[in-house]
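Listed below, chain by chain, are the residues.
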Amino acid sequence: MKKSRAAVGNRSGRRKQASSQEGKEKCAFGSSQAKPSAPSGPARQQKALLQASVSPYHLFRDVAEVTALQESLLDWYDRKKRDLPWRRLVEDEVDLDRRAYAVWVAEVMLQQTQVATVINYYTRWMQKWPTLQDLASASLEEVNQLWAGLGYYSRGRWLQEGARKVVEELGGHMPRTAETLQQFLPGVGRYTAGAIASIAFGQAAGVVDGNVIRVLCRVRAIGADSSSTLVSQHLWSLAQQLVDPARPGDFNQAAMELGAIVCTPKRPLCSHCPVQNLCRARQRVEREQLSASQSLPGNCDVEECAPNTGQCPLCAPPTEPWDQTLGVTNFPRKASRKPPREECSAICVLEQPKALGGAHILLVQRPNSGLLAGLWEFPSVSVNAEASGQHQRAALLQELQSWVGPLPDTRLQHLGQVVHTFSHIKMTYQVYSLALEEHTPVTIVPPGARWLTREDFHTAAVSTAMKKVFRMYEGQQPGTCKGSKRSQVATLSKRKKPSPGQQVLESFFWPHVPTDAPSLNTAAQ
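Residues numbered from 1 in each chain as written. Predicted model: local features only at pLDDT ≥ 70, side-chain atom pairs only at ≥ 80, totals over all residues. Heavy atoms only, no water.

Enquirer: Looking at this structure, how should I read the overall build of the protein chain?
Expert: The helix and strand tally for the protein chain stands at 21 helices and seven strands. Of all 525 residues assigned to the protein chain, the portion counted as buried reaches 50%. In the structure as shown, the protein chain presents an accessible area of about 25,100 Å², 53% of it carried by carbon and sulfur atoms. (Helix = DSSP H or I, 4+ residues; strand = E, 2+ residues; numbered from the N terminus. Buried < 20%, exposed > 50% of the residue type's maximum accessible area, 1.4 Å probe, protein only. Areas by Shrake-Rupley, 256 points an atom, 1.4 Å probe, with all protein chains shown as cover.)

Enquirer: Help me out: how do you make sense of helix α13 (residues 229-242) in this one?
Expert: Given 3.6 residues per helical turn, the α-helix brings residues three or four places apart onto the same face. For α13, spanning 14 residues, the distance from its first C-alpha to its last is 20 Å, which sits close to the expected 20 Å at 1.5 Å a residue. Within the span of α13, buried status applies to Val231, His234, Leu235, Trp236, Leu238, Ala239 and Leu242. (Expected span 1.5 Å × (residues − 1).)

Enquirer: I'm lost on the nonpolar core in this one. Help?
Expert: It is characteristic of soluble globular proteins that their nonpolar side chains tend to be buried jointly. Among the nonpolar cores identified, the biggest contains 125 residues, and Trp104, Trp125, Phe378 and Tyr429 are the most heavily contacted of them. Here this core gets eleven residues from one element, more than from any other, and that element is helix α5 (residues 96-110). Not counting the four nearest positions on each side in its chain, Phe378 is found in contact with Ile347, Cys348, Val349, Ile361, Leu362, Leu363, Val364, Phe457, Met466, Val469 and Phe470. Leu350, Ala395, Val404 and Tyr432 belong to the second largest nonpolar core, which has 22 residues in total. (Core = buried A, V, L, I, M, F, W, Y, C linked by side-chain atoms within 4.5 Å. Contact = heavy atoms within 4.5 Å.)

Enquirer: Is there a simple way to think about the pattern of salt bridges in this case?
Expert: Pairs may arise between side chains of opposite charge once their charged atoms sit close together. The tally for this structure, following the rule as stated, stands at 20 salt bridges. Across the pair Asp97 and Arg176 runs a salt bridge, and its minimum N-O distance is 2.7 Å. Here Asp97, found in helix α5, pairs with Arg176, found in the loop between α9 (154-170) and α10 (178-184); they are 79 residues apart in sequence, far enough to count as distant. Note on accessibility: Asp97 and Arg176 belong to one class, buried. The partner of Asp250 in a salt bridge is Arg247, and the shortest N-O contact between them spans 2.9 Å. Since its relative accessible area comes to 7%, Asp250 is described here as buried. (Salt bridge = Lys/Arg side-chain N within 4 Å of Asp/Glu carboxyl O.)

Enquirer: What's the story with the side chain of Thr264 in this structure? I'm lost.
Expert: Structurally, Thr264 is set in the loop between α14 (248-261) and α15 (280-293). For Thr264, a relative accessible area of 2% corresponds to the buried category. Within the structure, Thr264 has its side chain in polar contact with the backbone oxygen of Lys266 (distance 2.9 Å). (Polar contact = N/O pair within 3.5 Å; in protein donor to acceptor, adjacent residues only side chain to side chain.)

Enquirer: Honestly, the pairing of strand β2 (residues 360-365) in this entry has me stumped. Any pointers?
Expert: Look at any regular strand and the pattern is simple: side chains alternate between the two faces of the sheet. Among the six residues in β2, five count as buried, and that is most of the element. Relative to β2, strand β1 (residues 341-352) runs antiparallel, the two being bridged by two bridges. Paired with Gln352 across the two strands is His360, which belongs to β2. As defined by bridge partners, β2 adjoins strand β7 (residues 449-453) across five bridges and the pair is classed as antiparallel. Counted as the bridge partner of Ile361 is Leu452 from β7. Relative to strand β3 (residues 376-377), β2 runs antiparallel, the two sharing two bridges. Each bridged residue has a counterpart across the sheet, and for Val364 the counterpart in β3 is Glu377. (Pairing = 2+ DSSP bridges.)

Enquirer: Please explain a positive patch on the surface as it appears in this structure.
Expert: A surface patch of like charges, here positive, comprises Lys266, Arg267, Lys334 and Arg337. As for its position among the elements, Arg337 is in the loop between α16 (301-305) and β1. Relative accessible area serves as the criterion here: at 81%, Arg337 is assigned to the exposed category. (Patch = residues over 30% accessible without salt bridge, like charges linked within 9 Å, V, L, I, M, F, W, Y side chains within 5 Å. Lys, Arg positive; Asp, Glu negative; His and termini not counted. Charge placed at Lys NZ, Arg CZ, Asp CG, Glu CD.)

Enquirer: Any chance you could explain α5 here in plain terms?
Expert: Taking 1.5 Å per residue, 15 residues should reach 21 Å; α5 reaches 21 Å between its end C-alpha atoms and fits that length. Summarising burial for α5: 14 of the 15 residues are buried, a large majority. Near the N-terminus of α5, the side chain that reaches the backbone nitrogen of Asp97, with its oxygen 3.1 Å away, is that of Asp95. Note on α5: the residue one or two positions beyond its end, Gln112, has a positive phi of about 60°.

Enquirer: It is not clear to me how the side chain of Thr453 should be interpreted in this structure. Could you clarify?
Expert: Relative to the helices and strands, Thr453 is located in strand β7. Residues contacting Thr453, with those up to four places away along its chain left out, are Ala359 and His360.

Enquirer: Can you help me understand the packing of helix α11 (residues 190-201) against α14 in this one?
Expert: Axes are the key here: two packed helices are described by the angle between their axes and the distance separating the axes. In the contact formed by α11 and α14, the axes pass within 7 Å of each other and the chain directions differ by 130°. Taken together, α11 and α14 sit at an angle that is classed as oblique. As α11 packs across α14, the resulting crossing turns out to be left-handed. Touching Tyr191, Ser198 and Ile199 of α11 are Pro248, Gly249, Asn252, Gln253 and Met256, all from α14. Residues that form the contact of α11 with α14 fall into these classes: four nonpolar, four polar and no charged. (Axes fitted to C-alpha atoms, helices over the stretch in contact; angles between N-to-C directions. Parallel < 35°, antiparallel > 145°, perpendicular 65-115°, else oblique. Left-handed = near helix turned anticlockwise from the far one by under 90°. Nonpolar A, V, L, I, M, F, W, Y, C, P; charged D, E, K, R; others polar.)

Enquirer: Help me understand the packing of aromatic side chains, please; the structure alone is not making it clear to me.
Expert: Two aromatic rings are characterised by how far apart their centres lie and by the angle between their planes. Across all of its chains, the model carries eight aromatic pairs by this definition. Ring geometry for Trp86 and Tyr122: centres 5.3 Å apart, planes at 80°, overall edge-to-face. Placement of Trp86 in helix α4 (residues 85-92) and of Tyr122 in helix α6 (residues 115-128) is noted, with a sequence separation of 36 residues between them. Taken individually, Trp86 and Tyr122 each receive the classification buried, so the pair is uniform in this respect. Ring geometry for Trp125 and Trp129: centres 4.7 Å apart, planes at 75°, overall edge-to-face. One aromatic cluster is present, built from ring pairs that chain together Phe378, Phe457, Phe470 and Tyr473. Its guanidinium or amino end placed over the ring of Phe184, Lys165 lies 4.2 Å from that ring's centre, counting from NZ or CZ. In this structure, Arg450 is placed above the aromatic ring of Trp376, and the distance from its NZ or CZ to the ring centre is 4.0 Å. (Phe/Tyr/Trp six-rings, centres within 6.5 Å; stacked < 30°, edge-to-face > 60°. Lys NZ or Arg CZ within 6 Å of the ring centre and 35° of its normal.)

In structure tokens form, the structure reads like this:
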């Protein structure tokens, strides 16, 4: 059912009421209408250079065109938006700090993660820690345990660190502007700050994530590398120009929603797009089709774009000509990706089958910084991928003995390998097992290690990679279906390619890829 303007007004009234409450709070971060600081020095010069060289073809002509896009997109969003738990929380919440917290958690979880995956995690998180104060009092172990399986584990740690900062330093009141959110909260970049400020506080701050990049590049036919500094600056400028000051949060969500369920990376649903009449990529497709049907040479981007001087910095380079088979998906051009570096690790599931209370397995905790910081894993050691099995066994046995004392190396069994790709690392685990059948049960271990039952393992703060390793181990136990090592490696290292129908369905749950996200690739995953 289409949302009426009266409904929007009612929501606006609640926001005004909440804003009056906000004015009474003594917060050092100022008004929600504060403007972002202007770029200075080289950044200002670069922006001026871009503006001088950009053709009107990549801009919006006038206020009327901007207004037409805003109205069409918001009308579509009111009718077609998905019913998601964080949207319900924000719409029903009057308290500004709780509203901002709800948005913050959702936006962080949605980074590089599909909506369908996030829903369950978000619901459990908000049930366990409904306020900033609840999260601030939680332990990192509890946070990692709930986050287990969601990936990019540094995100959970940043949320907790940020909650503690807000509670301890600001009395539980969230910063009120995009600029101060970005300055104050760990792990919060320009996109996340803008999303919180616009959705929770009504600040007219534009946002640019992967979905918005795709929408803007197609609407304004931007074919240059969207990850370049010049193009990124232009996209942020367009996003700020387009955001509706009356409904900034809804507009930003509408732009992201459009990219997630209509203007998808592959097979976009152009006939369902509310702004198709304003889309230069669609106009380009129609022009190319007409030229082909009339056997006439197509117009090139430079002629259509007509830059003032030389090659337009926003058009695709001459080395990347138009591909008729791609249609609107010619935009945006895919940036070249650096392949993940390859690493190898020998890892062992060490079990005490006859321990008191049932079989126990040994887990050790990773360091508090770096890859998978603070999570639990089976004892492991980095090895050269070309190292012999004998060398791997010796190194792994030494690591195991550092935790539990002397062990028999003759019972260390190689089970196979598990391949798991993190954002920037392709890790191959050589999986071993060792059962302490005749040993006196080990009950005392150094700090940073613990014995857990198999049941406790499944609820512990362990990564998806460790769950893969454990599945291989369980598959080798008596009474289970073992299968060949080759089939296990294939099962654990590769996902089945989805059918075309599945791919279309998955596009409806396309994840956020915020412009903050690259910082995650160098942090603990």
